[in-house]
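Take a look at the letters that make up each chain.
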Amino acid sequence: MNTDHIVHNSQTQRMECQHCGFTQAVKMPIPIDEMLGVFDTFIEAHKACQRPQSEAVMSEYIKGFDAGYSYVLNEIERYINVYPTDVFAVKELLAHLKMEDKPQ
């Protein structure tokens with residue numbers, strides 16, 4: 001079974017499972033035999049962890065995209081209120097962004 005997703009972070013002195021996100025501290029100094037035992041126990045506990053689904057990995061990206069989309073719509077609406085005489089093209093763009101003119 002592949003255990004490449006289990007790593008030791010030398011900066012934080014923690015073992016990490018990159019699939020489930022669990023970390024465990026390794027108290028230093030420690031005799032090498034004990035350290036290897038701790039590593040083996042951690043690897044055994046996490047070797048079957050599954051990689052997160054791509055939707056879960058992308059969810060933060062999608063949330064950011066959605067927030068950016070809302071920001072653009074709000075800015076266009078603000079622009080229309082500030083400059084009400086020059087809004088024909090902006091109203092068309094806004095309708096398009098809101099998908100009000102989307103074919104059914």
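Use the structure listed above.
Looking at helix α1 (residues 32-46)
Helix length check: α1, at 15 residues, gives a terminal C-alpha distance of 21 Å against a target of 21 Å (1.5 Å per residue), a fit within 8%. Buried residues of α1: M35, F39, F42 and H46, and no others. End-on, the buried residues of α1 take up no more than an arc of 65°, which puts them together on one face. Facing away from the buried side of α1, by more than 90 degrees, are the exposed residues D33, D40, T41, E44 and A45.

Regarding the nonpolar core
With eight residues, the main nonpolar core is built from I6, M15, C17, V26, M35, F39, F42 and C49. Elements that contribute at least two residues to this core include exactly β2 (14-17) and α1. For this core, the element with the most residues is α1, which contributes three residues. Among residues more than four places away in sequence, those in contact with M35 are V26, M28 and I30. L73, I76, I80 and L94 belong to the second largest nonpolar core, which has five residues in total.

Let's talk about the pattern of salt bridges
Evaluated as defined, the whole model comprises one salt bridge. K47 serves as the salt-bridge partner of E44, at 3.2 Å between the closest nitrogen and oxygen. Residue class for K47 comes out partly exposed when judged on its relative accessible area of 29%.

Some words on the side chain of H5
Tracing the backbone shows H5 in the segment before β1 (6-9). Residue class for H5 comes out buried when judged on its relative accessible area of 7%. The residues contacting H5, other than those within four sequence positions of it, are E16, C17, Q18, H19, H46, K47 and C49.

Side note on the pairing of β2
Residues M15 and C17 point to one face of β2 and are all buried, whereas R14 and E16, pointing to the other face, are not buried. The turn joining β1 and β2, which pair antiparallel and follow one another in sequence, is formed by four residues; a positive phi near 55° is taken by Q13. Here three bridges tie β2 to strand β3 (residues 23-25), and the two strands are oriented antiparallel to one another. Residue E16 lies in a different strand from β3, and its bridge partner there is T23. Hairpin connection from β2 to β3: five residues lie between these consecutive antiparallel strands, with G21 at a positive phi of about 90°.

The rules behind each value
Residues numbered from 1 in each chain as written. Predicted model: local features only at pLDDT ≥ 70, side-chain atom pairs only at ≥ 80, totals over all residues. Heavy atoms only, no water. Helix = DSSP H or I, 4+ residues; strand = E, 2+ residues; numbered from the N terminus. Expected span 1.5 Å × (residues − 1). Buried < 20%, exposed > 50% of the residue type's maximum accessible area, 1.4 Å probe, protein only. Arc of directions from axis to C-beta. Core = buried A, V, L, I, M, F, W, Y, C linked by side-chain atoms within 4.5 Å. Contact = heavy atoms within 4.5 Å. Salt bridge = Lys/Arg side-chain N within 4 Å of Asp/Glu carboxyl O. Pairing = 2+ DSSP bridges.

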